[in-house]
Amino acid sequence: MPSEQPTRRRALRTIGTAVAVGGLGAGSSVAQDDQDGGDGVDSPYTAVYRDTIDSVVLVTVTGPRGGGGLGSGFVIDEQHVVTNDHVVSNATDGGVELQFNTEAWRTASIVGTDPYSDLAVLRVENMPDAASELSIVDREPAIGQEVLALGNPFGLDASISQGIVSGVDRVLPSPSGFSIPAAIQTDAPVNPGNSGGPLVSLEREVFGVVFAGAGQAIGFAISPRLANRVLPALIEDGTYEHPYMGVAVQPVGPEIADAVGLEEAAGVLVVEVVPDAPADDVLEPATPDQPGSGDVIVAIDGEQVQNQAQLLSYLALETAPGDTVELTVVRSGEEQSVEVTLESRPEPQLPATPIGPGR
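Below or above, wherever it landed, is the structure these notes cover. From a predicted model like this one, the values you see are computed outputs, not experimental measurements. (Residues numbered from 1 in each chain as written. Predicted model: local features only at pLDDT ≥ 70, side-chain atom pairs only at ≥ 80, totals over all residues. Heavy atoms only, no water.)

### Focus on the nonpolar core
And then number 1: Counting 36 residues, the largest nonpolar core has Phe-74, Leu-119, Phe-211, Leu-231 and Leu-234 as its most contacted members.
And then number 2: Counting only elements with at least two residues in this core, the list comes to helix H2 (44-52), strand E6 (119-124), strand E7 (146-151), strand E9 (180-186), strand E11 (206-215), strand E12 (218-222), helix H4 (224-237) and helix H6 (308-318).
And then number 3: If one sorts the elements of this core by residue count, H4 sits on top with 6 residues.
And then number 4: Counting 20 residues, the second largest nonpolar core, distinct from the first, contains Val-268, Ala-279, Ile-297 and Val-338. (Core = buried A, V, L, I, M, F, W, Y, C linked by side-chain atoms within 4.5 Å. Buried < 20%, exposed > 50% of the residue type's maximum accessible area, 1.4 Å probe, protein only. Helix = DSSP H or I, 4+ residues; strand = E, 2+ residues; numbered from the N terminus.)

The structure is reproduced here in structure tokens:
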């Protein structure tokens with residue numbers, strides 16, 4: 001029968017596919033049939049599931065030498081599906097296939113990828129009629145807000161898990177060597193294979209793109225504000241240019257605050273400046289074993305910087321390459337202002353080791 005070939009192909013891939021990129025990668029298992037069940041059940045989760053699941057896809061990837069993996073994705077307009085870069089980064093030409101909740105299969109082409117935000121956009125010809133656009137909001141969720149993670153954990157098709165937003169503005173390492181800022185933390189169970197699926201509210205709005213699970217009921221999603229900056233550029237240009245200052249920073253604790261003359265422990269200490277980066281010859285890094293040396297960044301464009309997360313989020317969400325930012329720094333006990341003109345990030349060299357979380 002014509003429908004047997006994709007199912008058999010999926011089963012063969014699933015059996016031979018290992019979990020990739022630790023907790024970040026796509027997982028594998030034999031996919032379950034599409035069954036939402038619960039006829040007559042009065043549950044807000046069931047209602048959201050039924051209204052959104054047809055727009056969530058199983059992403060199957062064929063890689064070099066027959067390898068591959070599984071992940072998730074969701075429809076963002078009549079031609080495009082969003083997923084994670086790490087789900088499709090090793091796909092061969094024509095090696096990305098999508099299965100919708102209706103059991104329809106489509107071959108997808110990769111429109112654009114961005115390893116820095118771990119986002120990718122796929123193009124689908126002849127999108128199934130049942131797959132409508134899921135709306136990504138342009139604001140952060142509230143801590144404590146209920147959310148649902150939709151996707152394919154361990155390859156189990158069309159799954160849903162429930163939780164709350166546990167935190168916002170998290171900074172997480174990525175394989176690119178740069179940190180992913182402004183991430184959403186949730187206690188909704190996230191497992192290998194959920195990567196690329198939507199984190200949705202009970203109002204059917206997407207509050208993040210799931211990209212990592214850390215076990216013990218901790219998962220992470222890419223911020224909707226970051227996604228809304230990156231995704232249009234991937235559709236238009238196939239790439240996104242991130243702003244780059246070229247520094248590594250660390251938190252300012254009481255010892256450093258006392259050494260540089262701060263009344264309270266706040267801001268970030270510059271511990272390294274990349275040679276020939278925009279910050280080179282502008283910011284002064286700390287000398288090892290001398291906590292009172294080096295610049296402490298306490299504000300950017302007039303916005304207070306309390307920690308690394310705030311600095312990274314501001315750069316990621318409020319600036320672009322070519323912008324000049326004004327940094328308020330404490331240097332040798334004196335507060336002063338300096339300017340840095342941002343550039344585009346250099347190409348990642350994977351695998352890479354980050355210089356530090358402030359990069």
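### As for unusual backbone geometry
And then number 1: A positive phi angle is found at Asp-118, which is not glycine, with a value near 60°.
And then number 2: Looking at the secondary structure, you find Asp-118 in the loop between strand E5 (105-114) and E6.
And then number 3: Not every positive phi belongs to a glycine, and Ala-158 is a case in point at roughly 55°.
And then number 4: Assignment of secondary structure puts Ala-158 in the loop between E7 and strand E8 (159-172).
And then number 5: Taking the relative accessible area as the measure of exposure, Ala-158 reaches 13% and is therefore buried.

### A short note on the pattern of salt bridges
And then number 1: The full count for this structure, using the stated rule, is 5 salt bridges.
And then number 2: In this structure, Asp-295 engages Arg-331 in a salt bridge whose closest nitrogen and oxygen atoms are separated by 2.7 Å. In this pair, Asp-295 is assigned in the loop between strand E15 (268-273) and strand E16 (296-300) and Arg-331 in strand E18 (residues 324-331), connecting sequence segments 36 residues apart. Grouping residues by exposure puts Asp-295 and Arg-331 together as buried.
And then number 3: Ionic contacts of the salt-bridge type, sharing partners, join the residues Glu-284, Asp-295 and Arg-331 into one network. (Salt bridge = Lys/Arg side-chain N within 4 Å of Asp/Glu carboxyl O.)

### Structural notes on the sheet that holds E12
And then number 1: Read once around its circumference, the closed barrel built from 6 strands follows the order E7-E8-E9-E12-E11-E10, with strand pairing classed as antiparallel. When the angles between neighbouring strand axes are averaged without regard to direction, this sheet yields 45°.
And then number 2: Summarising the sheet, E7 and strand E10 (residues 198-201) pair through 3 bridges and their orientation is antiparallel. Within the sheet, the bridge partner assigned to Leu-148 lies in E10 and is Val-200.
And then number 3: The sheet strands contacting H2 are E7, E8 and E10, and the helix crosses E7 at an angle near 40°. (Pairing = 2+ DSSP bridges. Axes fitted to C-alpha atoms, helices over the stretch in contact; angles between N-to-C directions. Contact = heavy atoms within 4.5 Å.)

### A few points about the side chain of Thr-186
And then number 1: The residue Thr-186 is located in strand E9 in this model.
And then number 2: In terms of polar contacts, Thr-186 uses its side chain to reach the backbone amide nitrogen of Ala-188, at 3.0 Å.
And then number 3: The residues touching Thr-186, leaving out its near neighbours within four places in the chain, are Val-147, Ile-164, Ser-166, Leu-199, Ala-217, Ile-218 and Gly-219. (Polar contact = N/O pair within 3.5 Å; in protein donor to acceptor, adjacent residues only side chain to side chain.)

### Brief notes about the packing of aromatic side chains
And then number 1: Counted under the stated rule, the structure contains 2 aromatic pairs.
And then number 2: An angle of 85° between the planes, with centres 5.2 Å apart, marks the rings of Tyr-116 and Phe-178 as edge-to-face. In this pair, Tyr-116 sits in the loop between E5 and E6 while Phe-178 sits in the loop between E8 and E9, placing the two residues 62 residues apart along the sequence.
And then number 3: Residue Tyr-116 is classed as buried on the basis of its relative accessible area, which comes to 7%.
And then number 4: Between Phe-178 and Tyr-244, the aromatic rings sit 6.1 Å apart at their centres with planes inclined by 75°, giving edge-to-face as the arrangement. With a gap of 66 residues between them, Phe-178 in the loop between E8 and E9 and Tyr-244 in strand E13 (residues 243-244) connect regions that are remote in the sequence.
And then number 5: Classification of Phe-178 as buried rests on a relative accessible area of 4%. (Phe/Tyr/Trp six-rings, centres within 6.5 Å; stacked < 30°, edge-to-face > 60°.)

### Quick notes on the environment of Val-270
And then number 1: For Val-270, the location among the structural elements is in strand E15.
And then number 2: C-alpha of Val-270 to C-alpha of Leu-283: the two residues are 13 residues apart in sequence and 7.7 Å apart in space.
And then number 3: Not counting the four nearest positions on each side in its chain, Val-270 is found in contact with Val-247, Ala-248, Val-249, Leu-283, Glu-284, Pro-285, Ala-286, Asp-295 and Ile-297.

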